[in-house]
Amino acid sequence: MSIRIADELLIFLPASRRALEQRVACDGTSTLGHLVEALGVPLPEAGPMTLGGAPAEPSARPVAGDEARVAAVPRPQPVPLEPGEDAPAFLLDVHLGTLARRMRLLGLDTAYHNDMDDPALVVQANAERRVLLTQDRGLLRRRALWFGAYVRGSRPDDQLADLLGRFAPVLRPWTRCTACNGRLVAVDKQEVERELRRGTRDSYDVYGRCEDCGQVYWRGAHGGHLEEIVEEAVRTVEGIRAAQGAAEAVPNGGPAGT
Ligand SMILES: [Zn+2]
């Protein structure tokens, strides 16, 4: 049989086999999902599939001669939310520390530990219904994982752009502690004045203290760079949501007459 892979999924195939059209030996018992995964594509990255042109579940069992197609996950990708939540919570693997701090800066509920092994990550992600973000394909292949996503890019800027494009989450900048993910509560400058160095006290405004670890936050020396990250992230998500709203407002999902 043949499986046609979406462009965006080619990165998961070994370099020597990176072609859109894949010939696959079909034993009649393997599921479509298994065959796709055997090519190298983790199932959390695989979007809608078809078999002979008709929509098919990963549990479908192709037979010899079948033609299948696999799309990438839709962007933005919906995440099942708990009642009262309007944005997903995340858990990042040990290699994504910089991304974790940026996500917290944007107010995303982001758990991160620099010393957690794979089984422990899966346990926490499942128990707390957090989307597990990783660049480890093996981790994404774990059957028990409720929701995982591969992070594209090696630079934190690219990783953040990928994350925002994938989930377009609701952002609440400057509301979380970048060190521990705790929520920030507003504090009066006078209240924390003694904890600040003189240069800081004179030049910057305090905007919060972490409920969990007590860290005090102000728009300080690195404020300029952080402001830029926040502004760009907010623009990115607004752009995605505007495009999505426009697409939903037009019947058949495309601009009429173009
Ligand atoms: Zn904290």
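Note that the coordinates shown come from a computational prediction; the quantities given were computed from them, not determined experimentally.

Undergrad: It is not clear to me how the coordination of the zinc ion should be interpreted in this structure. Could you clarify?
TA: In an ideal octahedron of six donors the angles at the metal are 90 or 180 degrees, and in an ideal tetrahedron of four donors they are 109.5 degrees. With distances of 2.3 Å, the protein atoms coordinating the zinc ion are Cys-177 (SG), Cys-180 (SG), Cys-210 (SG) and Cys-213 (SG). Taken together, the four donor atoms coordinating the zinc ion span angles of 99 to 119 degrees at the metal, a pattern that classifies the geometry as tetrahedral. Summarised as a motif, the one-chain spacing of the donors to the zinc ion is C-x2-C-x29-C-x2-C. Taken as a pair, Cys-180 in the loop between α5 (156-167) and β10 (184-185) and Cys-210 in strand β11 (residues 206-210) lie far apart in primary sequence, 30 residues in all. For Cys-180, a relative accessible area of 32% puts it in the partly exposed group. Here Cys-210 falls in the buried class, since its relative accessible area comes to 2%.

Undergrad: Please clarify how the sheet that holds strand β2 (residues 21-23) should be interpreted in this entry.
TA: Sheet strands pair by backbone hydrogen bonding; their relative direction is either parallel or antiparallel. Pairing in this open sheet of five strands is mixed, and the strands run β2-β1-β5-β3-β4 from one edge to the other. Looking at the sheet topology across the chains shown, the edges are occupied by β2 and β4 (54-56). Geometrically, the sheet is characterised by an average inter-axis angle of 30 degrees between neighbouring strands, direction not taken into account. Examined bridge by bridge, strand β3 (residues 46-51) and β4 share three bridges and lie antiparallel to one another. By the bridge assignment, Thr-50 is partnered in β4 with Pro-55. Contacting β1 (2-5), β2, β3, β4 and β5 (67-72), helix α1 (residues 32-39) runs over the sheet at an angle of about 65 degrees to β1.

Undergrad: Looking at this structure, I do not really get the domain arrangement of the chain. What am I missing?
TA: Frequently, the measure chosen for interface size is the accessible area that the parts lose on association. Here the domain parsing of the chain yields domain 1 (2-72), domain 2 (89-174) and domain 3 (184-217). The C-alpha-based centres of domain 2 and domain 3 are spaced at 29 Å.

Undergrad: Is there a simple way to explain the nonpolar core in this structure?
TA: One broad trend across soluble globular proteins is that nonpolar side chains are buried collectively. With 33 residues, the main nonpolar core has Ile-3 and Leu-9 as its most contacted residues. Of all the secondary-structure elements, those providing two or more residues to this core are β1, α1, β3, β5, α3 (118-127) and α4 (137-140). Sort the elements by how many residues they give to this core and α1 lands first, with four residues. Per-domain counts for this core show at least three residues from each of domain 1 (2-72) and domain 2 (89-174). Filtering out sequence-adjacent residues up to four positions away, Leu-9 remains in contact with Val-41, Glu-45, Val-70, Ala-71, Ala-72 and Arg-152. Leu-133, Val-151, Leu-171 and Ala-233 belong to the second-largest nonpolar core, a separate cluster that totals 26 residues.

Undergrad: Help me understand the side chain of Arg-166, please; the structure alone is not making it clear to me.
TA: When you line up the elements, Arg-166 lands in helix α5. From its side chain, Arg-166 meets the backbone oxygen of Pro-44 in a polar contact 3.2 Å long. Leave out the neighbours within four places in its chain, and Arg-166 touches Pro-44, Glu-45, Val-73, Arg-75, Pro-76, Gln-77, Gly-148, Ala-149, Tyr-150 and Arg-152.

Undergrad: Would you mind showing me how to read the pairing of strand β6 (residues 89-92) here?
TA: With burial as the criterion, each face of β6 is covered, one bearing Ala-89 and Leu-91 and the other bearing Phe-90 and Leu-92. The pairing of β6 with strand β8 (residues 130-134) spans four bridges and is parallel. Opposite Ala-89, over in β8, you have Arg-130 as the bridge partner. Alignment of β6 against strand β7 (residues 110-112), held across three bridges, turns out to be parallel. Residue pairing across strands places Phe-90 opposite Thr-110, the latter belonging to β7. With helix α2 (residues 97-105) bridging β6 and its parallel neighbour β7, the resulting β-α-β unit is right-handed.

Undergrad: Just checking my understanding: could you explain the environment of Met-116 for this structure?
TA: Relative to the helices and strands, Met-116 is located in the loop between β7 and α3. Along the sequence, Met-116 and Arg-23 sit 93 residues apart, while their C-alpha atoms lie 38 Å from each other. Every residue in contact with Met-116, bar those within four places of it in the chain, is listed here: Val-94, Leu-121 and Gln-124.

About the criteria used
Starting from 1, residues in each chain are numbered consecutively following that chain's sequence as written. Selection of residues for local features in this predicted model requires a pLDDT of at least 70, selection of side-chain atom pairs for listing and counting requires 80 or more, and totals for whole chains, interfaces and linings are taken over all residues. Excluding hydrogens and water, the side-chain figures rest on all heavy atoms present in the structure. Only nitrogen, oxygen and sulfur atoms within 2.8 Å of the metal, or 3.2 Å for Na, K and Ca, are treated as donors, and water is left out, so sites may look incomplete. Only four donors with every angle between 85 and 135 degrees are called tetrahedral; only four or six donors with opposite donors over 155 degrees apart and all others between 65 and 115 are called square planar or octahedral, in that order; all others are irregular. Working definition: helices are DSSP H or I runs of at least four residues, strands are E runs of at least two. Numbering for both runs from the N terminus. Only protein chains enter the accessibility calculation, which uses a 1.4 Å probe; a residue whose area is less than 20% of its type maximum is buried, one above 50% is exposed, and one in between is partly exposed. Whether two strands pair depends on DSSP finding at least two bridges between them. The angle between two axes is taken between their N-to-C directions and runs from 0 to 180 degrees, where each axis is a line fitted to C-alpha atoms and a helix contributes only its stretch in contact. We call two residues in contact whenever any of their non-hydrogen atoms come within 4.5 Å of each other. Domains are outlined according to an automatic or database domain assignment. Nonpolar core, defined: a set of buried Ala, Val, Leu, Ile, Met, Phe, Trp, Tyr and Cys residues in which side-chain atoms within 4.5 Å join the residues together. By the criterion applied in these results, polar contacts are pairs of N or O atoms within 3.5 Å in which, for protein atoms, one can donate a hydrogen and the other can accept it, and in which residues neighboring in sequence qualify only through two side-chain atoms. For crossovers, right-handed means that the path from the first strand over the helix to the second runs clockwise, given strands pointing away from the viewer.

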